[in-house]
Amino acid sequence: MPGTVNWALSLDQIAPRQRPLVGGKAWALSLLLKSGHSVPPALCLTIGLYRRYLRQTGLGDRIGMELGRKEMSEMRWEELWDASLRIRALFLTTPLPKELGKQAAAALAPFAGKAVVVRSSAPGEDAPGASFAGLHDSFVNLRGTEEILGGVRKVWASLWSDRALLYRQELGLAVERSSMAVLVQELAEGERSGVAFSRAPDGGERAVVEAVWGLNQGLVDGSVEPDHWEVEHGETIVARRAPSREAALRPGPGGVRSEPLPPAQSSMAPLADGEVLRVAAAARDLEALSGRPQDVEWTLRGEELILLQARPITTAAGDDSRRWYLSLHRSVENLRRLRRSIEEELLPRMETEAAALAVIDPAGLPDRELAAEIGRRRQIVAGWEETYRDKCIPMAHGVRLFGTFFNDALHPEDPFDFLALLGGTGMRAVDRNRGLEQMAAALRHRPEWAEHLRRTPEQPWPGPLEEQLERLLAEFFGLLPGATEAVALRLRLAPLILELAPAAGGDSAAEKTSPERLRRAFLEKFEGEQRTMAEEVLDLARASYRLRDDDNISLGKIHTQLAAAEDEARRRLAAKPVPALEGLFPAEEGGPGPAPREAPRLGQVQARQLQGQPAGPGVATGSARVIDEAAGMGTFRSGEILICDAIDPTMTFLAPLAAGIVERRGGMLIHGAIIAREYGLPCVTGVPEATLRIRTGDRVTVDGYLGIVTISRLP
């Protein structure tokens, strides 16, 4: 019962001195209740329970270890997500200790047989200048002690979500001292729901009301577009916007489900004008009560206006990088639209753009026209990079959604087990490598062809190899490259194909593991609506995973065309002064460029073990080969460990030769890690200064399970 332990308080039991223990959301609801507003019955599990749980299970130390792998300020978004996923898995697989669980079950007794919502209530949520709106998770329509406590652990885990970690870091909040209270709230199933802002979030004086049919979760997660009103002086609606009303979220098995709206609701706004003013007035009342503009979630059950949660409004969230980062989290419906856009519009346009650029041979342009062409190509590249950032990177959230679904349903020991279902998607890089391997296999039976490639790779290749090579160049290396680039590619590819020849023809790891068999085994674990959802998120994740590779290749073709023009300009500048081309490369002419990184000095103590992040399971030992740029790829030998800053699309055909991969850039979803898993290679990413701390010829062991690289011999 509430009050029998000091970490479970009903809303009417919360006193001002307990505010730091219950968090901003529970405190606000207790004020609403005491001021006469209608709020659902709720229990707050204070930060005392959270801290006991961490202390008794040892989870606090394990979280510290996960966050200690690398300075958080140096982590990319992929690395933040990896860390938060591993921490979330710790919460999912660590139940409350027996005695603590019994006490929690007793505290939750008032909710027996009832559906509840489990919400975060973190201290600091209501601090000036901070708003954690949308950063922590809520879970709707949970029933029974076990399911509710499972939801509580997932809300605790959301304290360590990538979004929350980033936000706390930017606000200067001590991550290691973060804690979380949780609200367990009786589900108020209203017919109409929404949010209201006592003042517009952009700082205007108007109140804003948004509403949807059904539960407001659809509005909050972006899957249902709301009707929108703006209210001036508390009594006049001065603006309104009606969306295409198609669906509503309602309670369903295991949470909520989307249902199509009947015609009577799709043609009518969820609120009449009088109801809009009533909701806006409630938001204004809360502002007067708290002394600060408020963001309120509400629902209408019959004529009863029930306030679900309230928090202070903060204006526009942070800098552009944080806004962009938060925008990476997309709903299933949003990802469906994004996938269509990328597959049917963006990638074809990239290919068309690259083909149009390839028609112009930079070597044939006069100096002034070459300078102008370089400027034009740089603008084109900049435009596509912005599109890639806004459209292609958010698509990666499809993998994240599936990972969360998989882990919540199956609680695997390894939180990245779900990646096994994403292999064999027909990536273009794998298709390209297969073309190289077919050429290599042909050399095994025709030694005279191998001799030709060894002695005169710049000349047309013998037999069908020339046609295969031209097809490969056109498809993957920039579309009909100019003569200079074509010769360079021949010189670069010939030694790799020769190196591949002894072992060419094998299947990739994904092909060996039979993705279809894994898919069937996974889907057999679900029934009814859960199976439909499992099929949908898996399909989205596989598309998302494949597009991480495909969009890199299409964008890489455009980069290749810019590089071809810049290389031509450098060639002319190296031969003689060319006024029309001067100023194109200021850093190379002695201007301020990036500070060079220092390699360890002779005699300087170096770490024998380098800590990174596990990105491809397995252990491999071999000779290191540091590849700084594509031009050095011809030196790579079969069985070596590839050490690089980042694997770009032109480097992925080293994968069939490599025994393992170590990369400075980190994350399970970076291009190099995806390719490594496709070939079953042990891979460690996120190793700071990997290309400086490891030298070509070092004998290294790559532990892709633990994320450790061991240098066993220094040159």
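It should be emphasised that the depicted structure is a prediction, and the values quoted were computed from it without experimental measurement.

*Asks:* Can you walk me through the sheet that holds strand S1 (residues 8-10) in this structure?
*Replies:* Strand-to-strand pairing in sheets goes through backbone hydrogen bonds, with the strands running parallel or antiparallel. Strand order in the open sheet formed by five strands is S1-S2-S5-S3-S4, and the pairing between neighbours is antiparallel. Edge positions in the open sheet fall to S1 and strand S4 (139-142), since each of these has one partner strand only. Between one strand axis and the next, the sheet turns through 25° on average, direction left out of account. As judged from the six bridges shared by strand S3 (residues 116-121) and strand S5 (residues 181-186), these two strands associate in the antiparallel manner. Pairing of Val118 across the sheet is with Val184, part of S5.

*Asks:* It is not clear to me how the pattern of salt bridges should be interpreted in this structure. Could you clarify?
*Replies:* Two side chains that carry opposite charge are able to pair once their charged atoms sit near each other. Tallied over the full model, the rule gives 49 salt bridges. Between Glu304 and Arg301 there is a salt bridge, with its nearest N and O atoms 3.5 Å apart. Arg471 serves as the salt-bridge partner of Glu467, at 3.7 Å between the closest nitrogen and oxygen. Of this pair, Glu467 and Arg471 both sit in helix H17 (residues 465-476), four residues apart, which is roughly one turn of the helix. Bridged by salt links that share partners, the residues Arg339, Glu343, Asp539, Arg546 and Asp550 form one connected network.

*Asks:* Hey, could you run me through the sheet that holds strand S12 (residues 294-301) in this one?
*Replies:* Taken together, six strands build an open sheet; the order of strands is S9-S8-S7-S6-S12-S13 and the sheet is antiparallel. The outermost strands of the open sheet, each flanked by one partner alone, are strand S9 (236-241) and strand S13 (304-312). Across this sheet, the average inter-strand angle for adjacent strands is 20°, counted without regard to direction. Where strand S7 (residues 207-213) lies against strand S8 (residues 227-232), five bridges are found, and the strand directions are antiparallel. Residue pairing across strands places Val208 opposite Glu230, the latter belonging to S8. Set on the sheet, helix H10 (residues 273-290) makes contact with strand S6 (192-197), S7, S8, S9, S12 and S13; between it and S12 the angle comes to about 135°.

*Asks:* How should I be thinking about the environment of Ala157 in this particular structure?
*Replies:* Along the chain, Ala157 falls in helix H6 (residues 145-158). As a C-alpha pair, Ala157 and Ala89 span 68 residues in sequence and 8.3 Å in three-dimensional space.

*Asks:* Whenever I open this one, the side chain of Gln185 confuses me. Can you help?
*Replies:* Along the chain, Gln185 falls in strand S5. With a relative accessible area of 1%, Gln185 lands in the buried category. Of the polar contacts made by the side chain of Gln185, one reaches the backbone oxygen of Leu308; its length is 2.9 Å. Among residues more than four places away in sequence, those in contact with Gln185 are Leu29, Pro40, Pro41, Ala42, Phe111, Ala115, Val116, Val117, Arg119 and Leu308.

*Asks:* For this particular structure, what's the right way to read the side chain of Asp227?
*Replies:* Among the secondary structure elements, Asp227 is positioned in strand S8. For Asp227, a relative accessible area of 3% gives the class buried. Here Arg245 takes part through its side chain, which lies 2.7 Å from a polar atom of the side chain of Asp227. In contact with Asp227, not counting residues within four places along its chain, are Val209, Glu210, Ala211, Arg241, Ala242, Pro243, Arg245, Ala269 and Pro270.

*Asks:* For this particular structure, what's the right way to read the nonpolar core?
*Replies:* Note that soluble globular proteins tend to have their nonpolar side chains buried in a common cluster. Judged by nonpolar contacts, the single largest core of 101 residues is most densely connected at Phe402, Phe418, Leu422, Leu443, Trp461, Ile497 and Phe522. Among the elements that take part in this core, helix H21 (residues 528-575) stands out by supplying 13 residues, more than any other. If we ignore the near neighbours within four places in the chain, the residues touching Phe402 are Phe418, Leu421, Leu422, Phe522, Val537, Leu538 and Ala541. Among the nonpolar cores identified, the runner-up in size contains 41 residues, and Ala8, Leu59, Ala107 and Val152 belong to it.

*Asks:* Could you clarify how one ought to interpret helix H3 (residues 59-67) in this entry?
*Replies:* In an α-helix, one full turn covers 3.6 residues, which means residues spaced three or four apart are oriented alike. Three or more residues of H3 are buried, namely Leu59, Ile63, Glu66 and Leu67. Within H3, the buried residues cover an arc of 90° as seen down the axis, which keeps them to one side. Away from its buried face, by an angle of more than 90 degrees, H3 presents the exposed residues Asp61 and Met65.

Reading the values: the criteria
- Residues numbered from 1 in each chain as written.
- Predicted model: local features only at pLDDT ≥ 70, side-chain atom pairs only at ≥ 80, totals over all residues.
- Heavy atoms only, no water.
- Pairing = 2+ DSSP bridges.
- Helix = DSSP H or I, 4+ residues; strand = E, 2+ residues; numbered from the N terminus.
- Axes fitted to C-alpha atoms, helices over the stretch in contact; angles between N-to-C directions.
- Salt bridge = Lys/Arg side-chain N within 4 Å of Asp/Glu carboxyl O.
- Contact = heavy atoms within 4.5 Å.
- Buried < 20%, exposed > 50% of the residue type's maximum accessible area, 1.4 Å probe, protein only.
- Polar contact = N/O pair within 3.5 Å; in protein donor to acceptor, adjacent residues only side chain to side chain.
- Core = buried A, V, L, I, M, F, W, Y, C linked by side-chain atoms within 4.5 Å.
- Arc of directions from axis to C-beta.

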